[in-house]
Amino acid sequence: MFQAKFDGVVTQRGLLQRFRRPVDAGVTQRLVVIWQAAVKSAGKVESFPMLNNRSFVLSACLTLMVAACTAPQNQQPKQSDKAVSQKPPVEKQAVTNNPLMAEWQGPHGGVPAFDKAQLKDLEAAMDQAIALHLEEIDAIANDPAPATFANTIVAMEKAGKVIDRVRVYRGIWSSNMSTPEFREIDKRLAPKISDYYTKIVQNEKLFARIKTVYESPELKNQPADEQRLVRLVYDQFARQGATLEGAKKQRYATIQKRLAELHQQFGNNVLADEEKYVVFLEENQLGGLPDSVKAAAAAAAAERGKPGKWAVTNTRSSMDPFLTYSDERELREQVWRNYYNRGDNGDANDNNALIAEILKLRDERVKLLGYPNYATWRLEDRMAKTPARATELMEAVWPKAVARVKEEVADMQKVADRELGKGKIKIEPWDYRYYADKVRKDKYALDSDEVKQYLQLDKLREAMFMVAGDLFGFKFTPVPDGSVPVFHPDVKVWEVTDRDSGKHIGLWYLDPFARKGKRSGAWATSYRGHTTFEGERTVLSSNNSNFIKGAEGEPVLISWDDASTYFHEFGHALHALSSNVKYPTLNGGVRDYTEFQSQLLERWLATDKVIDTFLVHYKTGKPMPKDLVAKIKKAATFNQGFATTEYLASAIMDMKFHTTDPAGLDPDAFERETLTAMGMPSELVMRHRSPHFGHVFSGEGYATGYYGYLWADVLTSDAAEAFAAAPGGFYDQELAKKLVEHLFAPRNSVDPADAYRAFRGRDATIDALLRDRGFAPPK
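The model shown is predicted, which means the values in this text are computed figures rather than measured ones. (Residues numbered from 1 in each chain as written. Predicted model: local features only at pLDDT ≥ 70, side-chain atom pairs only at ≥ 80, totals over all residues. Heavy atoms only, no water.)

A.B. asks: Could you give an account of the environment of G110, naming the residues involved and the relevant values?
C.D. replies: With respect to the helices and strands, G110 occurs in the loop between β2 (56-57) and α2 (122-141). Along the chain, G110 and V484 lie 374 residues apart, while their C-alpha atoms are 9.4 Å from each other. (Helix = DSSP H or I, 4+ residues; strand = E, 2+ residues; numbered from the N terminus.)

A.B. asks: Residues and numbers for the pattern of salt bridges, please.
C.D. replies: Within the structure shown, the criterion is met by 57 salt bridges. Where K441 meets D437, a salt bridge forms, and the shortest distance between an N and an O atom there is 3.7 Å. Of the two residues, K441 and D437 are both situated in helix α15 (residues 432-444); the distance of four residues between them amounts to about one turn of the helix. A salt bridge links K518 to D511; its shortest N-O distance comes to 3.3 Å. A residue is classified by how much of its surface remains accessible, and K518, at 4% relative accessible area, is buried. Note on D511: relative accessible area 0%, which makes it buried. (Salt bridge = Lys/Arg side-chain N within 4 Å of Asp/Glu carboxyl O. Buried < 20%, exposed > 50% of the residue type's maximum accessible area, 1.4 Å probe, protein only.)

A.B. asks: If you had to explain the packing of aromatic side chains to someone new, which residues and values would you point to?
C.D. replies: Aromatic ring pairs are described here by two measures, namely the spacing of the ring centres and the angle between the planes. By the definition in use, this model includes 44 aromatic pairs. Plain terms: the ring middles of Y196 and Y197 are 4.7 Å apart, the flat faces sit at 40° to each other, and that makes the pair tilted. For the pair shown, Y196 and Y197 are each scored as buried. Summarising the aromatic geometry, the rings of W604 and F730 are spaced 5.2 Å apart at their centres and angled 90° between planes, so their arrangement reads as edge-to-face. (Phe/Tyr/Trp six-rings, centres within 6.5 Å; stacked < 30°, edge-to-face > 60°.)

A.B. asks: Quick rundown of helix α3 (residues 149-158)? Include the residues and the values.
C.D. replies: Here α3 lies mainly inside the structure; nine of its 10 residues are buried. Among all positions of α3, only F149, N151, T152, I153, V154, A155, M156, E157 and K158 are buried. Against the buried residues of α3 lie α2, α4 (161-175), α6 (204-215) and α7 (224-239). Among the residues trailing α3, G160 stands out with phi positive, at a value near 85°. (Contact = heavy atoms within 4.5 Å.)

A.B. asks: How would you explain the pairing of strand β6 (residues 492-498) if you had to name every residue and give the values?
C.D. replies: Inspection of the sheet shows strand β5 (residues 474-478) paired to β6 by five bridges, in the antiparallel sense. Residue pairing across strands places K475 opposite T497, the latter belonging to β6. Relative to strand β7 (residues 504-513), β6 runs antiparallel, the two sharing six bridges. The residue of β7 that forms the bridge with K492 is L510. Between the antiparallel neighbours β6 and β7 lie five residues, among them G502 with a positive phi of about 80°. (Pairing = 2+ DSSP bridges.)

A.B. asks: If you had to explain the side chain of H568 to someone new, which residues and values would you point to?
C.D. replies: Along the chain, the position of H568 falls in helix α18 (residues 560-577). In terms of polar contacts, H568 uses its side chain to reach the side chain of H572, at 3.3 Å. In terms of polar contacts, H568 uses its side chain to reach the side chain of E602, at 2.8 Å. (Polar contact = N/O pair within 3.5 Å; in protein donor to acceptor, adjacent residues only side chain to side chain.)

A.B. asks: Explain the packing of α18 against helix α19 (residues 591-601) to me, and be specific about the residues and the numbers.
C.D. replies: At their nearest, the axes of α18 and α19 sit 7 Å apart, and the two run at 125° to each other. Between α18 and α19, the angle falls in the class oblique. Of the two possible hands of crossing, α18 and α19 adopt the one that is right-handed. Every residue of α19 that contacts α18 at F567, H568, F570, G571, H572, L574 and H575 is listed here: T594, E595, Q597, S598, Q599 and L601. Counted by class, the contact of α18 with α19 contains four nonpolar, eight polar and one charged residues. (Axes fitted to C-alpha atoms, helices over the stretch in contact; angles between N-to-C directions. Parallel < 35°, antiparallel > 145°, perpendicular 65-115°, else oblique. Left-handed = near helix turned anticlockwise from the far one by under 90°. Nonpolar A, V, L, I, M, F, W, Y, C, P; charged D, E, K, R; others polar.)

A.B. asks: Explain the environment of D411 to me, using residue names and the numbers behind them.
C.D. replies: Its location among the elements puts D411 in helix α14 (residues 387-420). In this structure, the C-alpha to C-alpha distance between D411 and A436, residues 25 residues apart in sequence, is 8.3 Å.

A.B. asks: Describe the sheet that holds β7, with residues and values.
C.D. replies: What the five strands build is an open sheet, ordered β5-β6-β7-β9-β8; its pairing is mixed. Every other strand in the sheet has two partners, leaving β5 and β8 (523-528) as the edge strands with one partner each. Neighbour to neighbour, the strand axes of the sheet diverge by 25° on average, direction disregarded. Its contacts with the sheet put α18 on β5, β6, β7, β8 and β9 (539-547), and the angle it makes with β9 is roughly 165°.

Structure below.
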């Protein structure tokens, strides 16, 4: 796809935003198209997953995946295909009165009954849903009729509706509303779900029928999307051990079950450390904190039963502003250590032993399939194709990123010496954000807190709606309170319609605020994806964030980076809402491509139309001054050494973990030794240290896939240049039409390289990326 060698430097504008999201730690990726319980709608993640992703499945797929930024979850029930089996359609038989299994009722094609969901019903619902889906699969596998596209591939697309509905509720309890009680239930469910997936993928009769359809000469006469569907089903089925026999087959199943347990425990341990470590402040410890940060900290303390104090929680959205503004160096260190030592405290929640076992089992599993290492297996069906190509890009960027860090540290050290006296302190990781903000003020006269006064969460949401209207023709209208059930009072819902025709497109759920039991980061997911093969089914999409609530009645103010993340995750939602695919599996995606659409949407935050209309001061209502806008744009590449290096350290470590022989590997020592050999600056750490790298170790969606953000950004930079050069700029209607037609609507029904070529008229090259980041002359 990329014609140029990766021989340039990358420290890009906005890279901090692009790689910030622990977006998909609890979200899991769809692995086998056949596993319809995991793939009925498109979300990255897939993000996770975040999927747009992204064809990634919410935490139900703990066995084999994780997610994102977006993770698809569910498909509404539809009429079963009676031609598949002589049995009555399973779903039409009496299922039980378990509300988690019931067909979705109400407006908009039916919606999840979040108001009726009770945790006590989950385990029984999942057990019964697994049994029902396996019955459906057996009916397809044992159909006496010769295998055809209709009675095999389409039949599998129809199967699994009940478990899809159950997975939606389980996903909410896993990511948005987790409790110790849920985690105990889920610990029992994880091995059952692993067995269930293994039974499907190792169903020899079923795979024989898939293979028959795949090898059928008639396939080439079918529409292109159906040919791609068959290829996706066959390839993913074969890649998950369907061809194994005897002892290898049994060992594969055993590995899958154990990995399911380990992935789940890893994520639970991280969440436990996030809940456990909270720093409570007294009034005399608030020096340097802006009013908005103090208000959020006061609200967090009150929520935890400590009114009159201020709390810094162990999440990025709380940690980051504290490290940026607090004058209390010892407290900065404490908060920093709490956050970056999640899963690495030598206690019951320590994840190092889990990482070692996960790596061993992944390596053993892919060797059963004939691959030399996990990374080779994983990247085979990605745009990068091989670990070498992904590594080539990362290693081209790394030296220049590290060199930029040295420049940034030198600037910060000068400020510290000037303020405290020469040699009083050496810049440490807990100082980086604090002194970077001071350098930003010195170099660009840009105060990040001043910028926040113009970034109101509600106004940014309206800006996103405007962009969606102008580019996609969507209109967002809030649904009447109580008309659509939600799982928490914070969650709001909008109906999405075609702006011109009024046609219903779907619903968009927004869960914006942090709370206890909600995993950290930001992600997108779908409760139902668009399909037409059984009549049109509309989209139920959601965005989830962890913004800190302010005082009652006060607007929530966020940073420019967080605003970019907000746009990013909304890009995943638009990807789902734009879908025009026929079959559920085609709502999926390719991991190193699915972040492209969401990264591209970030570019609209800095457009004049958004700035002039929606970035207004929260008190005066006046638009952001032109001189402040100019400062923001001038400082666009500021601190990109930090942003690029912390991201790349995580991405490179991810690849190293999965290309190294795991025998006897000590993850903690391996991380230290590898980073030292890479020349990792001591003044910062990986964005996601290994013991809490949920993208990689709480599932498999981003395992050897974290490089994908950078890979996708090659496309992002190239596409952004196309808009910048268009007659109508970023709101050019002709180019917007091509954007939706070729890059959003097809989802995974078209090969990503072909889709991009149709949009741009050529392949992407790295040149635009280099220009975008200031390492090549402007075009």
